[in-house]
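In case you want the letters, here they are:
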Amino acid sequence: EDKVVQSPLSLVVHEGDTVTLNCSYEVTNFRSLLWYKQEKKAPTFLFMLTSSGIEKKSGRLSSILDKKELFSILNITATQTGDSAIYLCAVEHAGGTSYGKLTFGQGTILTVHP
Amino acid sequence: DTEVTQTPKHLVMGMTNKKSLKCEQHMGHRAMYWYKQKAKKPPELMFVYSYEKLSINESVPSRFSPECPNSSLLNLHLHALQPEDSALYLCASSQASSGPTLEYFGPGTRLTVT
């Protein structure tokens, strides 16, 4: 059975702290691993990772994938209150010849206090 | 245009009502998805359409009936729902590809069944 597990499930920090969110997975026909940020509504895309060891960066956020150990981390440095959200890890695997299926982890609820 | 739109934003319906949720994208994506998300839980896949054909039905009860009238539109027809069906319903779309693809999510319809 395809499985994506995130840890921690929740995290409370103060502004300026650095956080690391973890995502491990077991899926068949892996295509990519995606990180999304979800506030009140739809998940918004952060990163798509397909290759091991290549760090992706966007401002204070960065992420890396390890396809041998089957996990990914999302780092956020110098956290701000606007980073408070649910961070979802999803693994895309082949659903058919022309589409993928996403299996989501449970999410990490990040709360950043001023 | 990287937008997926959904209407309505909010919907309150009784258990005997019939209503429809609508989703639209103009990115030329040929894979479209319906997800259900309960509070503090990750999205759960319901249906996948690929090239306007239903490709995946994740054992969803028949009171949910999807329809893909053309490559830009996806509907979800609702009939005789139960209170436990109250949730955020998310639509997503992606390119049809045998390789990694990125799913773009709409803002969701928050459904309350009374």
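Provided above is the structure to which this section pertains.
Nothing here was measured: the structure is a model prediction, and the numbers come from that model.

Criteria and thresholds
- The residue numbering used here restarts from 1 in each chain and proceeds along that chain's sequence as written.
- Whichever chain is written first becomes A and whichever ligand is written first becomes 1, with later ones labelled in order.
- Local features in this predicted model are restricted to residues whose pLDDT is 70 or higher, and side-chain atom pairs enter the listing and the counts only when it is 80 or higher, whereas totals over whole chains, interfaces and linings include all residues.
- Values shown for side chains rest on all heavy atoms present in the structure; no hydrogens or waters enter the calculation.
- Throughout, disulfides are identified as pairs of cysteine sulfur atoms within 2.5 Å of each other.
- Helix and strand assignments come from DSSP, with helices taken as H or I runs of at least 4 residues and strands as E runs of at least 2, each series counted from the N terminus.
- The buried label applies to any residue whose accessible area, calculated with a 1.4 Å probe on protein chains only, is under 20% of its type's maximum; exposed applies above 50%, and partly exposed to all values in between.
- Every residue pair with non-hydrogen atoms within 4.5 Å of one another is taken to be in contact.
- Note on definitions: buried area is the accessible-area loss of two parts on being combined, 1.4 Å probe, summed for both.
- By definition, a salt bridge exists where a carboxyl oxygen of Asp or Glu is found within 4 Å of a side-chain nitrogen of Lys or Arg.
- Contacts described as polar in this section are N or O atom pairs within 3.5 Å, which, within protein, must combine one atom able to donate a hydrogen with one able to accept it, while residues neighboring in sequence count only if both atoms come from side chains.
- Polarity classes work like this: nonpolar for Ala, Val, Leu, Ile, Met, Phe, Trp, Tyr, Cys and Pro, charged for Asp, Glu, Lys and Arg, and polar for all others, with Gly in that last group.
- Here the nonpolar core consists of buried residues drawn from Ala, Val, Leu, Ile, Met, Phe, Trp, Tyr and Cys, with membership extended through side-chain atoms lying within 4.5 Å.

1. Comments concerning the state of the cysteines
All told, the structure shown has 2 disulfides over all chains when counted by the stated rule. Residue Cys 23 of chain A pairs covalently with Cys 89 of chain A via a disulfide, S to S 1.9 Å. Disulfide Cys 23 of chain A-Cys 89 of chain A: torsion about the S-S bond near -65°, hence left-handed. Here Cys 23 of chain A is found in strand 3 (residues 19–26), whereas its partner Cys 89 of chain A is found in strand 9 (residues 85–94), with 66 residues between them in sequence. On the basis of relative accessible area, Cys 89 of chain A is assigned to the buried category, the value being 0%. Between Cys 23 of chain B and Cys 91 of chain B runs a disulfide, and the two sulfur atoms are separated by 1.9 Å.

2. Here we look at the interface of chain A and chain B
Between chain A and chain B, the residue contacts involve 23 residues of the former and 31 residues of the latter. Carbon and sulfur atoms supply 60% of the area that chain A and chain B bury against each other, a total of about 2000 Å² over both sides. Counting the contacts that link chain A with chain B gives 1 salt bridge. For the pair chain A and chain B, the interface holds 4 residue pairs in polar contact (both at pLDDT 80 or more). Where the side of chain A that touches chain B is concerned, the elements lending two or more residues are strand 4 (30–38), strand 5 (44–49), strand 9 and strand 10 (100–104) of chain A. Tallied by class, residues from the side of chain A that touches chain B come to 10 nonpolar, 8 polar and 5 charged.

3. As for the nonpolar core
One recurring pattern in soluble globular proteins is that nonpolar side chains are buried together. Residues Trp 34, Phe 64, Leu 76 and Leu 78 of chain B are the most contacted members of the largest nonpolar core, which totals 23 residues. Not counting residues up to four positions away in its chain, the partners in contact with Leu 76 of chain B are Lys 19, Ser 20, Leu 21, Trp 34, Met 46, Phe 47, Phe 64, Ser 65, Pro 66 and Tyr 89 of chain B.

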